[in-house]
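Listed below are the residues making up each chain.
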Amino acid sequence: MQQIRGWIFDLDGTLTVAQHDFPAIRRELGIPADEDILTHLGRLPIAERQRLNDQLDAIELRLAADVAPAPGAAELVRALHAGGQRLGILTRNLRSVAMASLERIGVLDCFTPEHIIGRDEAPPKPAPDGIHRLLADWQLSEAEAVMVGDFRFDLEAGRAAGCRTCLVFSENAWPEMTDLHVPDCQSLLARLRAMDYLT
């Protein structure tokens, strides 16, 4: 980890307490239970896609009002920021939702606005495009960055981009795609301090 200079974070379930009830959202939007929401919307005719996207945007903005920081998340972000690390967000949410969530958990000032990438700024994960964009802006190689998230889409995006991956989840459900596994951000911060990566 000593060569890592860029940290790309998922948001919901990683830096914030997971609050998206995806089955309920699918029901509200009329999307089959076994389909990925964004993939399904991308296949719809333009008018219907726009209507459901607007509905999804409203749901996410509503959820953002009640967002809470995940254990250790704010402290981790602030420690990385103080250590001079590059910080980015790659989320399947809207950028505006991400910014509102980061402000609510008290770390928005640690991120440059253009390094907060939502589904309208780049193809959604597991596509690696957002990671490539951040690396280009930061002038870092793939080996100098890590994608941190709580779901396989985060790991798949990191793998596709050629960078390291860190799973923040209670159990390591995808070991073949995970370079580092920790149960939460608090544990990740402790691990980084134990490695003398952070003081």
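Keep in mind it's a predicted model, so treat the numbers as computed, not measured.

1. A few points about the sheet that holds strand β4 (residues 145-149)
- Spatially, six strands are ordered β3-β2-β1-β4-β5-β6 in an open sheet, and the strand pairing comes out parallel. On the outer flanks of this sheet lie β3 (116-117) and β6 (180-182), each paired with one strand and no other.
- Pairing geometry for strand β2 (residues 86-90) and β3, over two bridges, is parallel. Each bridged residue has a counterpart across the sheet, and for I89 the counterpart in β3 is I116.
- Running over the sheet, helix α7 (residues 152-161) touches β4 and β5 (164-168) and is turned about 170° from β5.

2. Some words on the pattern of salt bridges
- A complete count under the given rule lists nine salt bridges for this structure.
- The partner of R43 in a salt bridge is E35, with the nearest N and O atoms 2.3 Å apart.
- Ionic pairing is found between R193 and E75, a salt bridge with its closest N-O pair at 3.4 Å. Separated by 118 residues along the polypeptide, R193 in helix α8 (residues 185-194) and E75 in helix α4 (residues 73-82) bring together distant segments of the chain.
- Since its relative accessible area comes to 34%, R193 is described here as partly exposed.
- A relative accessible area of 43% means that E75 is categorised as partly exposed.
- When salt bridges that share partners are traced, they join D10, K125 and D154 into one network.

3. Some thoughts on the layout of surface pockets
- In this structure, the largest pocket occupies an estimated 570 Å³ of space.
- The wall of the largest pocket is formed by 25 residues, among which D12, F22, R92, F151 and F153 lie closest to the centre.
- Those elements giving two or more residues to the lining of the largest pocket turn out to be α1 (22-29), α2 (37-42), α3 (46-64) and α7.
- Its residues placed into classes, the lining of the largest pocket shows 10 nonpolar, four polar and 11 charged.
- Taken domain by domain, the lining of the largest pocket gets at least three of its residues from each of domain 1 (6-18 + 68-195) and domain 2 (22-65).

4. Description of the domain arrangement of the chain
- Looking at the assigned domains, one finds that the chain contains domain 1 (6-18 + 68-195) and domain 2 (22-65).
- For domain 1 and domain 2, the distance between their C-alpha centres works out to 23 Å.
- Across the domain 1/domain 2 interface, buried area totals approximately 820 Å², and carbon plus sulfur atoms make up 53% of it.
- Counting the surface domain 1 buries against domain 2, the share from its top three residues, R92, V97 and R119, is 51%.
- For the pair domain 1 and domain 2, the number of links is two salt bridges.
- A salt bridge links E60 to R119; its shortest N-O distance comes to 3.0 Å.
- Here domain 1 and domain 2 share three residue pairs in polar contact (both at pLDDT 80 or more) between them.

5. Details of the packing of aromatic side chains
- This structure, assessed with the given rule, holds four aromatic pairs.
- Aromatic pair W7 and F9: ring centres 6.3 Å apart, planes at 20°, arrangement stacked. Here W7 matches F9 in class, with each residue buried.
- Between W7 and Y197, the aromatic rings sit 5.8 Å apart at their centres with planes inclined by 65°, giving edge-to-face as the arrangement. Highlighted residues: W7 in strand β1 (residues 6-9) and Y197 in the segment after α8, separated in sequence by 190 residues. We note that W7, like Y197, is buried.
- Put simply, the rings of W7, F9 and Y197 touch in pairs and so form one group of aromatic residues.

Thresholds applied
- Residues numbered from 1 in each chain as written.
- Predicted model: local features only at pLDDT ≥ 70, side-chain atom pairs only at ≥ 80, totals over all residues.
- Heavy atoms only, no water.
- Pairing = 2+ DSSP bridges.
- Helix = DSSP H or I, 4+ residues; strand = E, 2+ residues; numbered from the N terminus.
- Contact = heavy atoms within 4.5 Å.
- Axes fitted to C-alpha atoms, helices over the stretch in contact; angles between N-to-C directions.
- Salt bridge = Lys/Arg side-chain N within 4 Å of Asp/Glu carboxyl O.
- Buried < 20%, exposed > 50% of the residue type's maximum accessible area, 1.4 Å probe, protein only.
- 1 Å grid on protein atoms, 1.4 Å probe; cavity = no way out; pocket = protein on both sides within 12 Å on 5 of 7 lines; lining within 4 Å.
- Points joined across faces, edges and corners; volume = space filled by probe spheres on them.
- Nonpolar A, V, L, I, M, F, W, Y, C, P; charged D, E, K, R; others polar.
- Domains from an automatic or database assignment.
- Buried area = accessible area lost by both parts, 1.4 Å probe.
- Polar contact = N/O pair within 3.5 Å; in protein donor to acceptor, adjacent residues only side chain to side chain.
- Phe/Tyr/Trp six-rings, centres within 6.5 Å; stacked < 30°, edge-to-face > 60°.

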